[in-house]
Amino acid sequence: MIVPPMLVRIRVIESSGKRFRLWLPIVIFWPLAVVIAILFAPVAVIAAIVSVGSHSVKNALRKIWMFVIVICSLRGLLIHVEDNNDEVLINVL
Amino acid sequence: MSEERTKILSMLKDGRISLAEAEELLDAIEGSKQTNGNKSEHIEKSGAPKYLRVVVTPGDGKPNGEKVNIRVPLQLIRAGVKLGSIIPDGAHRRVDHALREKGIGIDLKNLKSGDLESLIESLSDMSIDVDSEDEKVRIFCE
């Protein structure tokens, strides 16, 4: 089952004192994405019917699906690098 | 009661086997059941790994060194291979060429999902430990 990521945490702390912290609850975007997908579905079906035999539409739809799969696969990604002064954290939950 | 057990008891009742032979046969059935149980338990426990981990910690010679903790979902690797199927041929050739230059003779286009699954499953046994004075590096799957 494909489960999309719910939250992205980004934290960057520089030795110069600059700090950047972000908690991005991307879960709030998924309902919007579903609505867009539902609205887009009839257009995609019509485009596929109109361009039967053409690989371009098929490829475009395939690329969109791949993009969704890659986004969903990011769940669990953690990149955390730190030393005494600097820190970079990227976490997809 | 299992079918085998009933069969053995009926053979004992008919006098076709002795009590000792019946005991031996029942023990054999018990033994095979336990072995099968252990096998399925092992498979359930082992499962395919989910993440590739890279952990770098400072060594004794450099206690203030960098700490790196990376966890890459193996699902991302699977998705990456699928993504490879939509890469144009020209780009594929360049990627393969670059990989070959680095000594990696993998043709990404011919990598099948079955091969990838067995590769990922075998990664569960992989563990790379590098200890130096400055840092300790561990690469493993979990």
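Structure: above.
Note that the coordinates shown come from a computational prediction; the quantities given were computed from them, not determined experimentally.

Cut-off values and rules
Residues numbered from 1 in each chain as written. Chains lettered and ligands numbered in written order. Predicted model: local features only at pLDDT ≥ 70, side-chain atom pairs only at ≥ 80, totals over all residues. Heavy atoms only, no water. Helix = DSSP H or I, 4+ residues; strand = E, 2+ residues; numbered from the N terminus. Contact = heavy atoms within 4.5 Å. Areas by Shrake-Rupley, 256 points an atom, 1.4 Å probe, with all protein chains shown as cover. Phe/Tyr/Trp six-rings, centres within 6.5 Å; stacked < 30°, edge-to-face > 60°. Lys NZ or Arg CZ within 6 Å of the ring centre and 35° of its normal. Pairing = 2+ DSSP bridges. Axes fitted to C-alpha atoms, helices over the stretch in contact; angles between N-to-C directions. Patch = residues over 30% accessible without salt bridge, like charges linked within 9 Å, V, L, I, M, F, W, Y side chains within 5 Å. Salt bridge = Lys/Arg side-chain N within 4 Å of Asp/Glu carboxyl O. Lys, Arg positive; Asp, Glu negative; His and termini not counted. Charge placed at Lys NZ, Arg CZ, Asp CG, Glu CD. Buried < 20%, exposed > 50% of the residue type's maximum accessible area, 1.4 Å probe, protein only. Core = buried A, V, L, I, M, F, W, Y, C linked by side-chain atoms within 4.5 Å. Polar contact = N/O pair within 3.5 Å; in protein donor to acceptor, adjacent residues only side chain to side chain. Nonpolar A, V, L, I, M, F, W, Y, C, P; charged D, E, K, R; others polar.

Brief notes about the overall build of chain A
Phase 1 of the analysis: A count of helices and strands for chain A gives two helices and four strands.
Phase 2 of the analysis: When the helices and strands of chain A are listed from N to C terminus, the series reads β-β-α-α-β-β.
Phase 3 of the analysis: Nonlocal contacts in chain A, meaning residues at least 24 apart in sequence, comprise 46% of its contacts between residues at least 6 apart.
Phase 4 of the analysis: Summing over all exposed atoms, chain A offers an accessible surface of approximately 6,400 Å²; the carbon and sulfur share of this is 73%.

Considerations on the packing of aromatic side chains
All names here are of chain B.
Phase 1 of the analysis: Across all of its chains, the model carries zero aromatic pairs over all chains by this definition.
Phase 2 of the analysis: Above the plane of the ring of tyrosine 51 lies arginine 71, whose end atom (NZ or CZ) is 5.1 Å from the centre.
Phase 3 of the analysis: Positioned over the ring face of phenylalanine 140 is arginine 138, at 4.4 Å from the centre of the ring.

Here's the deal with the sheet that holds strand β1 (residues 51-58) of chain B
Phase 1 of the analysis: Pairing within the open sheet is antiparallel, and its eight strands lie in the order β2(A)-β1(A)-β4(A)-β3(A)-β2(B)-β1(B)-β4(B)-β3(B). Sheet topology places β2 (19-24) of chain A together with β3 (127-131) of chain B at the edges, where each strand pairs with a single neighbour. Averaged over neighbouring strand pairs, the angle between their axes works out to 5 degrees when direction is ignored.
Phase 2 of the analysis: Alignment of strand β3 (residues 78-82) of chain A against strand β2 (residues 67-73) of chain B, held across five bridges, turns out to be antiparallel. Bridge pairing links A:Leu78 to B:Arg71 in β2(B).

A few points about a negative patch on the surface
Phase 1 of the analysis: Among the surface-exposed residues, A:Glu14, A:Asp86, B:Asp60, B:Glu66, B:Glu133, B:Asp134 and B:Glu135 lie close enough to one another that they form a single negatively charged patch.
Phase 2 of the analysis: As for its placement among the helices and strands, B:Asp134 is situated in the loop between β3 and β4 (135-141).
Phase 3 of the analysis: The class of B:Asp134 is partly exposed, set by a relative accessible area of 40%.

Quick notes on the nonpolar core
Phase 1 of the analysis: With five residues, the main nonpolar core is built from B:Leu74, B:Leu116, B:Ile120, B:Leu123 and B:Cys141.
Phase 2 of the analysis: The residues contacting B:Leu74, other than those within four sequence positions of it, are B:Pro49, B:Lys50, B:Tyr51, B:Leu52, B:Ile120, B:Leu123 and B:Cys141.

Concerning the interface of chain B and chain A
Interface size, as often reported, equals the accessible area lost upon joining of the parts.
Phase 1 of the analysis: Listed by partner, the interface residues are 18 residues for chain B and 18 residues for chain A.
Phase 2 of the analysis: For the interface between chain B and chain A, the tally reads four residue pairs in polar contact (both at pLDDT 80 or more).
Phase 3 of the analysis: Looking at the side of chain B that touches chain A, the elements that each hand over two or more residues are β2 and α3 (74-84) of chain B.
Phase 4 of the analysis: No other element matches the seven residues that β2(B) contributes to the side of chain B that touches chain A.
Phase 5 of the analysis: For the side of chain B that touches chain A, the per-class residue count stands at nine nonpolar, five polar and four charged.

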